[in-house]
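Observations on the model geometry
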Amino acid sequence: MYAVIKTGGKQYRVAAGDKIKVEQIAADEGKEITIDQVLAVGNGDSLTVGTPLVSGATVVAKVVAHGKHDKVRIFKMRRRKHYQKRQGHRQQFTELEIASINA
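Residues numbered from 1 in each chain as written. Predicted model: local features only at pLDDT ≥ 70, side-chain atom pairs only at ≥ 80, totals over all residues. Heavy atoms only, no water.

**Quick look at the nonpolar core**
For clarity, the threshold we go by: Buried residues of nine kinds, namely Ala, Val, Leu, Ile, Met, Phe, Trp, Tyr and Cys, make up a nonpolar core once their side-chain atoms join them within 4.5 Å. Per-residue accessibility, obtained with a 1.4 Å probe over protein chains only, is compared with the maximum for each type, and a residue is labelled buried under 20%, exposed over 50%, and partly exposed between these values. Only runs of H or I of at least four residues qualify as helices and only runs of E of at least two qualify as strands under DSSP, and these elements are numbered from the N terminus. Should any heavy atoms of two residues lie within 4.5 Å, those residues are counted as being in contact.
Ile5, Ile20, Val59 and Leu96 are the most contacted members of the largest nonpolar core, which totals 19 residues. Elements with a minimum of two residues in this core: strand S1 (2–7), strand S2 (10–15), strand S3 (19–23), strand S4 (32–35), strand S5 (38–43), strand S7 (58–68) and strand S10 (92–102). Those residues in contact with isoleucine 20 that sit more than four places away from it in its chain are Ile5, Tyr12, Val14, Thr94, Glu95, Leu96 and Ile98.

**What to know about the sheet that holds S5**
Formally: By the convention used here, strands pair only if DSSP detects at least 2 bridges between them. Here, axes are lines fitted to C-alpha atoms. For helices the fit covers the stretch in contact, and angles between N-to-C directions go from 0 to 180 degrees.
Pairing is antiparallel in the open sheet, where four strands are placed in the order S2-S1-S5-S6. Two strands close off the open sheet at either side, each with one partner strand: S2 and strand S6 (46–49). Pairs of neighbouring strands in the sheet enclose a mean axial angle of 15°, with direction left out of account. As judged from the six bridges shared by S1 and S2, these two strands associate in the antiparallel manner. Paired with threonine 7 across the strands is lysine 10, a residue of S2.

**A short note on the sheet that holds S7**
Strand order in the open sheet made by the four strands is S3-S10-S7-S4, with antiparallel pairing throughout. Because the sheet does not close on itself, it has two edges, and the strands there are S3 and S4. With strand direction ignored, the average angle separating the axes of adjacent strands in the sheet is 45°. With four bridges joining them, S4 and S7 adopt antiparallel strand pairing. Across the sheet, isoleucine 33 pairs through a bridge with alanine 61, a residue of S7.

Dropping the structure here:
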């Protein structure tokens, strides 16, 4: 059984036991959270697609850790104008372990 969930403006295909990194969620490590924005649920050959959400479907996940992704380096330059700008960014994430899918 798998589900397509939406969190942090992105969509993820998850199954029970999967570990995924999503945009940071305000929850303590070790806590269980419920994601109710389920776009689709699949079980074998059957697929239930919501309009836009599947009614009554939820995904229970456990917060494993919080962290930061690798640094993305931004370099801007205008040729012949003596303009150079260097910048870096590290996006924060929350790692989730999918416990169960309730459809």
